[in-house]
Structures are given as C-alpha cells and as structure tokens.
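Chain by chain, the residues run as shown.
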Amino acid sequence: MRADEHLVLHGLAVKRHATAEEVADAIGDDPTRVEEVLAANVTTGRVADLNGKYTLLPGGRMIVKGEYSRHYADVRSSEPFLAAYERFERVNEEVKALITSWQVRELPSGEAVTNDHSDADYDEKVIDRLGALHERFEPTLQEMCTVVPRLQRYAGKLDAALDKAEQGDRQWVSDVNLPSFHTVWFEMHEDLLCMLGKVRVE
Amino acid sequence: MSSAAVPTRAYTHRLSGSTDLPDRNLVGGKAWSLARMTSLGLRVPPAFVVTTEGFRHFHEAGELTERLRAQVLDGLADLERSTGRQFGVGPAPLLLSVRSGAAISMPGMMDTVLNLGMTDEVEAALANESGDAAFAHDTHHRFLELFNDVVLGLDPHDHRADSPAAVRASVSTARPDVAWDPLGQLMASIEAVFKSWNSRRARRYRAHQGISDDLGTAVTVQAMVFGNLGEDSGTGVLFSRNPLDGSKQVYGEYLRRAQGEDVVSGRVTPQPLSELADQSPTLHSELLAAAQTLEQANREVQDVEFTVQSGQLYLLQSRTAKLAPEAALRSTIDLVEEGVLSVDAAVRRLTPSQARSLVAPRLATTSQSNPPVASGESACAGVGIGRVVDDPDQAISLAAEGIAVILARPTTSPEDLGGMLAARAVVTDEGGSTSHAAVVSRALGLPCVVGCGAGSLNPHVGSIVTVDGATGTVYAGELPVLVPREDDSDDLRTVIAWARTLSPISITATAEGLDADDVVDLTDIPGGIDPEQVAATIAGLPPTQAISGGAAGSPEAVTAAIDAGVSRIVTDPVLPALLAAVHHTAPGQPDATAPTSADSPTDTKGQPR
C-alpha cells in the first residue's frame, strides 16, 4: 500500500466512523482525494460506506495495522520522537486526572458526584490548569511535529478548544460529540499509539 | 536628592483588621476576601498586597524598582513583627505564600506558590522547631516543585532529585539567573505574577471579554501558619452544616500537630472535630462561632479551612460548600425557614441536575443481598440492565433491534464510542476513574464500572446483568429498580410549591385538564427527543398551548418553550423543569433580610462573577 493511501486509512482508523471531510481534516489532506481513496477501498472491501460515513472493515483494519511498521519505521526509531512520546504519556496522566476533576467532584464523604458546573470558580480553576498543562506540553508537541509535521493539526485544534472553553463554552472541555480538548487529545493519543505500534495502557 | 519632590506613592497595602473594605480594583479579589473575613472579626494569617498601582509602576519601569522593593521590604517587616517570625532566618522562620489577584479572575494568571523563603538553613530551623525533620524536608521539596513549576515555568519532573541542593543545581543549569535566597525567591515570584498578566492566555481572554489591559493584577503576600508546631497546634476543615444530609450540625475533621498537606498525602488519619474540643473547648467554640458568622455573611453553607498555630486559631479559606444533592435541598429549605434566604434566592440556588439526581433510579436496597458477579470502581452513577456484549459492533446491531445491551470491554478506545452510545451501561476490566471509558461515560451520563479485573464479565457474555454505577458493582439477572417519586418527599414538595409561584410557565406531571389537540408530543417530531436540537424544534412549532414527551423536560426545552409563548409543559419529574423555568427569569430579592445590609449579598464567594 502506498504511504499516502495508508495515511488516509490511518486517519479513518483514528476517527473510526467518519465522513471523507472529517478524515481529510484529521490528516490535513484534500477532501476530494481522501474521498477517492476511501471509495476505492470500498470497492476492494477494506472500507464500508454507511450513508456517507466510512468505517474500516475488520480485514481493512488488519491490513492498515500490519503496514504501520513499514510506513513509520523512521518515526519508531527517532530518539527525539520517542522521548517526546514518553513525555506525552506522562502529561496524558495529568490531562486524564484534570478531565476527571472536570466531570466529577468529590463530596466530603469521599463519594464522587457528577460536576453539575454550578460552581464557576471550580470550573475556571480546572480550565486554567488545563491551559497551563497545554502550554507546558506545547514544546513537546512541536518536537513531535518536526518528525511528523501533520501532528501540527492537533496543536491548532487543542488551542481552539481551549480558547472556547476559556471564553465560557464549557462543552469544549470534554464533550464527546465535539472536537473538544479531550476528544482531540484522545485522537492524538490514538494516532501516536498506532504510529508507534503501542497498546493503550489505562 | 529629596523624596519630597516626588510624592511617594503607595504600591503596597497592609490588610488590617479595619472594617473598611479596600478597593477591590486595587487589591484584587483574593485579598478582598481576606479583608472581608477580618472585617467580620475573624483572624486570618497576616498579609499585605502589592497593589495594582505597584503593577502599573512595574510595567512602566520594566522592572521591580528600588522604590517598589523597599515597600515590599516594609510589608515583609510588618509580617515579621505581627508573626514574631523572621523571613529566611531561624529559630522561628517565616514562610510566605504568594498569590496573583486581579479584580476579575482570568485564565493564564500565575498560580499560588507556597512555603516561600525556604533554604537549607530554614529547613533545619523548621525541623528543629516542629520536631519533625521529615515534614521540614517535604516542605522544602514541595516549595521547590511549586516554585519551579509556577514561577520558573519548568516541568518539575525534569528536575526531580533526592536533595534540595541537587534540585537547585539541576534548575540552575537550565536557568543560571535564578536567585535562590529568600528575598530573591520573593521578588521573582512577585515579578512572575506581574508578568503573567501578559501571558498569552490572559491577553487572549481579556481581548475576547473586552477587559482593559490596564486593569492589572495585585499580588497577595501572606504568612504561612503551621499546625505542627506542638501539641497545641493542628489543622482541619469544617462544614457549617452536614454536607451529606444538610442537617444543622457542624461536620469536620481535625488533625492535631499536623500541616494541611498531611491531610492530602494521607500521612495522618484525621480525627473528628471533637478532638479539637478535647484539646481546647475555647478554640472549638471560637471555630464554631466563626463558621456561623461566615455562613450568615455568605448565606450559603460554608467549607472552612483552618489551622491552629500554638493555640491561636487562623482561618485560611472559606468557600461555598459542595453538598450532596440531598444536603443542598435540606439546607436550602432550612436557610429559608431561618430567615437567611428568600424563597426566590433559594429556588435559584438549586440546579435542575440536582433535582434530577434526587429522583434518579437506584437499586432497591433489598436487591443487593445477592453477591455481585463483578465489582470495580464507580465511574458514572446510574443503573443499567441488559445483555452482556463484548463487541462494540454487536452492541450497535443488537441495540438497533431494540435489545438492551451492556458493553463489556478490556478497556475502551475511541473505536468503542459507537458501541458505548448503544449500550445501557459500560463495564471494563482495566482502568480507573480517569480512564477513557470513565471519561466518556460521564460525558454521556452512561452508568459505568471500571477496573473489574481481566475477563471479569467473560463468563456472563450473552446473559442479563444489572450494573450499579453508583457502587461499582455488577449483579447477575435483572434486579428491581426503585424510582423515587417527587410526591413521596416533603422537602421536594416544598420546593416544587415555591418554584411554582415563581415559574412563568405551568409545569405538571400529567396532562390532566388538557385537550389532546392542545398538546404537542415532542416524541413524534424530528429533533424533539434530542436536548441539543429541541430548542430549535420548539421555536419552529406553530403556536402551541402545551408540549409533552421527548426532551420536553430538559432545560433547553423549558427555555425555548417560555420564549415561544407555550403555557404548559407536561413532564415527570417536574422539579428539574420548574427550576430551569425559574432560572430563565430575572432574579428577585436575593436575601430575606433588609436590602441595605452592609455586606453585599451579590458576592457569596469573594469572587467577582
């Protein structure tokens, strides 16, 4: 499989269930070309077209997975990239903990209840910490971008989500139906795991 | 050279016990809250503020000028006098906290630095004074970690080392200009606060919100107090009412001879507040009186942090307590009956989501007698019953056939989102309350139990289970679920009656008295069952007398219905919708007492909103 074709299917693997536009947006490619690649893969039975949204079929998923080591050999052997990834995993722990504080508050009993977002002070503090973490992580992300330039898209999306959250659009922190900070962060994690052939550890 | 030629401007402000509150724009929100506490006659650790005048001076000069430094040193000398401790010097060293404080809080401002003034000599003095060398050492490391992170903007992970000297050496290779002496630490922190005003996030926020860049931030410099200086010292927290059920009984914890961090680190097991009563009945009653004062002044249940240093009570912070929904309901009703709160303010204080969780389905208590088939950590409360499926695609296809499914996975990834959306509950083998499954489930309001152990539900694939998200347990079979009724609770009936007097729209549990022709059932209308779309759907309806079904009870629908001139909503439970309706109207009198009360009731948290 050609590298550009693999990249389209990789984008679909990360997005899982997405339109050609969404895949194109994920990998920074031209939507028309992505549509062509996806349509061609529908013909070969690797991808399914479900009313305009594409998804990898099990066979396609296996083929895409098997090709990562070939297309990302240089990334997998790049010391700076691997060091940056290690740092990402550490920051990831902090991001997950912050998203949890966003969703859950601990009662004095130790019982965790859903954060109903009625305490603006609390919410502001969590968003502020997320912003601080994001800023501290940015140089690391830039190091990754020197090896894989398309990761730059994540930097822009994370910043855009954070900006909206800071202005009071609270769903941009972790809403799963939006490119919220957590949604983008999570897709970036999935992207890195795929490229490096690693398995998610919770 | 004459100082008379240039009138010396005050760049600092001492927070005294005066009843006159300082200008919030000059000292910032945090210092203003401290001043307010002292004005109520309560003791807080001594503090001074480098004001927004000082900020402007700094930015004009581009540095901390001699004049500004001299005033900071004066403020410091004041703190040394009032605490009887010395900055950077034993045997009783003074440590400081430094906080940013603009009149309006905003992102990107410098966070708090604690234990400033710490050196190897100070650590030794503190070890000697407290008789706890481990505490002094921890304090030193915690200081370095915060200072490196917050003031220097470094990742503390990059500079971890066994000894403070090694941490400093590591940081100094990256940042050779750092002055590690106590005054150097203080000046660097003040400068970092001032500079954070122009951080990218702060500037962006102000630009969006139309806040002037000239407003500036103040810096609060406050003495640290220690709860571990002897048997007559300690630290604790208290709630002015029981935060679990809302009853009028003070609830708290106290640790004798301990510092606040000990509570967090779990180094010591907290004792009930009666421990303080045993140590000193006088202090105990002083504390209860303080909690009462704060609750009266703020008209909300308070969560108070305090420290006793050598027999002297200091209040560190007081904020609105986070209450269990039951407690929020009970205390709000009590505050009305006590004449502290008006009915209008009380109803506005309760949220639709609190009202909803009070009637959320739960497992009947009798049903938990049989042993669970799996248990893990609670990630999202709620009850889900269905057939166990271990494949997300199968979950989607079964759910499409109308079969209730429980998705069981080793862990979840973005690939599983479709399956999660289709499931009634999610159970994972691995992961804790911060795992992907937990985060996504909470975003979806989906019952979820995580970390049940490898293959925990494998034997149950294909069979029916009941998942209790609240307790993190999974039971075999379908267990009876209890749905609490609003009518069964006196407290809920009281608040419903109050909310009805304030609601601009009639909200009822049944369609009694309505003609079927007058009611639009949203279930039958595109977009009518999705809270995200329901507002647009309602706005697009022809003039309608009443709505029911679908998402009619959601806050979005209630707001849209009022705006569209709908006169009645049929939904059950009614209280969440009633509260949303009241929240959509302009507030009336916030407090039950005279409107000219000295302490402004509009600010209940000491923070501008």
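Computed from a predicted model, the values in this text were never measured in an experiment. (Residues numbered from 1 in each chain as written. Chains lettered and ligands numbered in written order. Predicted model: local features only at pLDDT ≥ 70, side-chain atom pairs only at ≥ 80, totals over all residues. Heavy atoms only, no water.)

### Digging into the interface of chain A and chain B
Each partner contributes to the interface: chain A provides 45 residues, whereas chain B provides 51 residues. Summing the contributions of chain A and of chain B, the shared interface buries around 4,300 Å²; its carbon and sulfur component is 46%. At the surface where chain A touches chain B, the tally comes to 18 salt bridges. Of the charged contacts in the structure, one is a salt bridge between Lys-322 of chain B and Asp-116 of chain A, with a shortest N-O distance of 3.7 Å. Along the contact surface separating chain A from chain B lie 18 residue pairs in polar contact (both at pLDDT 80 or more). Elements with a contribution of two residues or more to the side of chain A that touches chain B: helix H1 (3-15), helix H6 (79-103), strand E3 (104-106), helix H7 (120-147), helix H8 (152-166) and helix H9 (181-196) of chain A. (Contact = heavy atoms within 4.5 Å. Buried area = accessible area lost by both parts, 1.4 Å probe. Salt bridge = Lys/Arg side-chain N within 4 Å of Asp/Glu carboxyl O. Polar contact = N/O pair within 3.5 Å; in protein donor to acceptor, adjacent residues only side chain to side chain. Helix = DSSP H or I, 4+ residues; strand = E, 2+ residues; numbered from the N terminus.)

### Digging into a negative patch on the surface
Residue and element names in this part refer to chain A. On the surface, Glu-21, Glu-22, Asp-30, Glu-35, Glu-36 and Asp-49 cluster together into a patch of negative charge. Every element with two or more residues in the negative patch is listed here: helix H2 (20-27) and helix H3 (31-43). Here Glu-21 is to be found in helix H2. (Patch = residues over 30% accessible without salt bridge, like charges linked within 9 Å, V, L, I, M, F, W, Y side chains within 5 Å. Areas by Shrake-Rupley, 256 points an atom, 1.4 Å probe, with all protein chains shown as cover. Lys, Arg positive; Asp, Glu negative; His and termini not counted. Charge placed at Lys NZ, Arg CZ, Asp CG, Glu CD.)

### As for the environment of Glu-138 of chain A
With respect to the helices, strands and loops of the structure, Glu-138 of chain A is situated in helix H7. On the accessibility criterion, Glu-138 of chain A (18% relative accessible area) is buried. Within the structure, Glu-138 of chain A has its side chain in polar contact with the side chain of Arg-200 of chain B (distance 3.3 Å). (Buried < 20%, exposed > 50% of the residue type's maximum accessible area, 1.4 Å probe, protein only.)

### Quick notes on the pairing of strand E11 (residues 302-309) of chain B
All names here are of chain B. Along E11, seven of the eight residues are buried, which leaves the element largely enclosed by surrounding structure. Pairing geometry for E11 and strand E12 (residues 312-320), over eight bridges, is antiparallel. By the bridge assignment, Val-308 is partnered in E12 with Leu-313. In this structure, the hairpin formed by E11 and E12 is closed by a connection of two residues, where Ser-310 is found at a positive phi of approximately 45 degrees. (Pairing = 2+ DSSP bridges.)

### Examining the nonpolar core
Core analysis: the biggest nonpolar cluster contains 59 residues, and Leu-38, Phe-81, Leu-151, Trp-185, Met-188 and Leu-192 of chain A have the highest contact counts within it. In this structure, Trp-185 of chain A is in contact with Phe-88, Val-91, Asn-92, Val-95, Phe-137 and Leu-158 of chain A, ignoring residues within four places of it in sequence. Membership of the second largest hydrophobic core comes to 54 residues, among which are Leu-79, Leu-94, Val-98 and Trp-180 of chain B. (Core = buried A, V, L, I, M, F, W, Y, C linked by side-chain atoms within 4.5 Å.)

### Looking at the domain arrangement of chain A
All names here are of chain A. Partitioning chain A into structural domains gives domain 1 (3-71) and domain 2 (73-196). Relative placement of domain 1 and domain 2: their C-alpha centres are 25 Å apart. Domain 1 puts twelve residues into the contact, and the matching count from domain 2 is twelve residues. Buried surface at the junction of domain 1 and domain 2, summed over both partners, amounts to about 1,000 Å²; 49% is from carbon and sulfur atoms. The largest per-residue losses of area from domain 1 upon contact with domain 2 belong to Val-14, Asp-25 and Tyr-68, which jointly make up 41% of the total buried on that side. Between domain 1 and domain 2 we count three salt bridges in total. For Glu-187, the salt bridge is made with Lys-15, and the minimal N-O distance between the two is 3.1 Å. Taken together, the links from domain 1 to domain 2 amount to six residue pairs in polar contact (both at pLDDT 80 or more). Where the side of domain 1 that touches domain 2 is concerned, the elements lending two or more residues are H1, H2 and helix H4 (58-71). Per-class residue counts for the side of domain 1 that touches domain 2 are five nonpolar, four polar and three charged. (Domains from an automatic or database assignment. Nonpolar A, V, L, I, M, F, W, Y, C, P; charged D, E, K, R; others polar.)

### Quick look at the state of the cysteines
Following the criterion strictly, the structure yields zero disulfides over all chains and no others. You can see Cys-380 of chain B has no disulfide; the closest cysteine sulfur is in Cys-448 of chain B, sitting 7.2 Å from it. (Disulfide = S-S within 2.5 Å.)

### Here's the deal with the sheet that holds strand E23 (residues 506-508) of chain B
Residue and element names in this part refer to chain B. Overall, parallel pairing links the four strands, which are arranged E23-E26-E25-E24 in an open sheet. Each edge of the open sheet carries a strand with a single partner, namely E23 and strand E24 (519-521). Neighbouring strand axes in the sheet, compared pairwise and without regard to direction, differ in orientation by 20 degrees on average. Pairing between E24 and strand E25 (residues 546-548): three bridges, direction parallel. Bridged to Val-520 within E25 is Ile-547. (Axes fitted to C-alpha atoms, helices over the stretch in contact; angles between N-to-C directions.)

### Regarding empty space enclosed by the protein
In total, this model carries one cavity of 30 Å³ or more according to the counting rule given. As a volume, the largest cavity reaches approximately 50 Å³. Taken together, Leu-12, Ala-13, Arg-16, Thr-55, Leu-56 and Arg-61 of chain A together with Glu-415 of chain B make up the lining of the largest cavity. Only H1 and strand E2 (53-56) of chain A provide two or more residues apiece to the lining of the largest cavity. Here the lining of the largest cavity is built from residues that sort into three nonpolar, one polar and three charged. (1 Å grid on protein atoms, 1.4 Å probe; cavity = no way out; pocket = protein on both sides within 12 Å on 5 of 7 lines; lining within 4 Å. Points joined across faces, edges and corners; volume = space filled by probe spheres on them.)

### Overview of the sheet that holds strand E8 (residues 234-239) of chain B
Residues and elements named next belong to chain B. In space, the five strands of this open sheet follow the order E10-E9-E8-E11-E12, with antiparallel pairing throughout. Edge positions in the sheet fall to strand E10 (271-272) and E12, since each of these pairs with one other strand and no more. The pairing of E8 with E11 spans six bridges and is classified as antiparallel. Considered in E11, the bridge of Gly-234 is made with Val-308.

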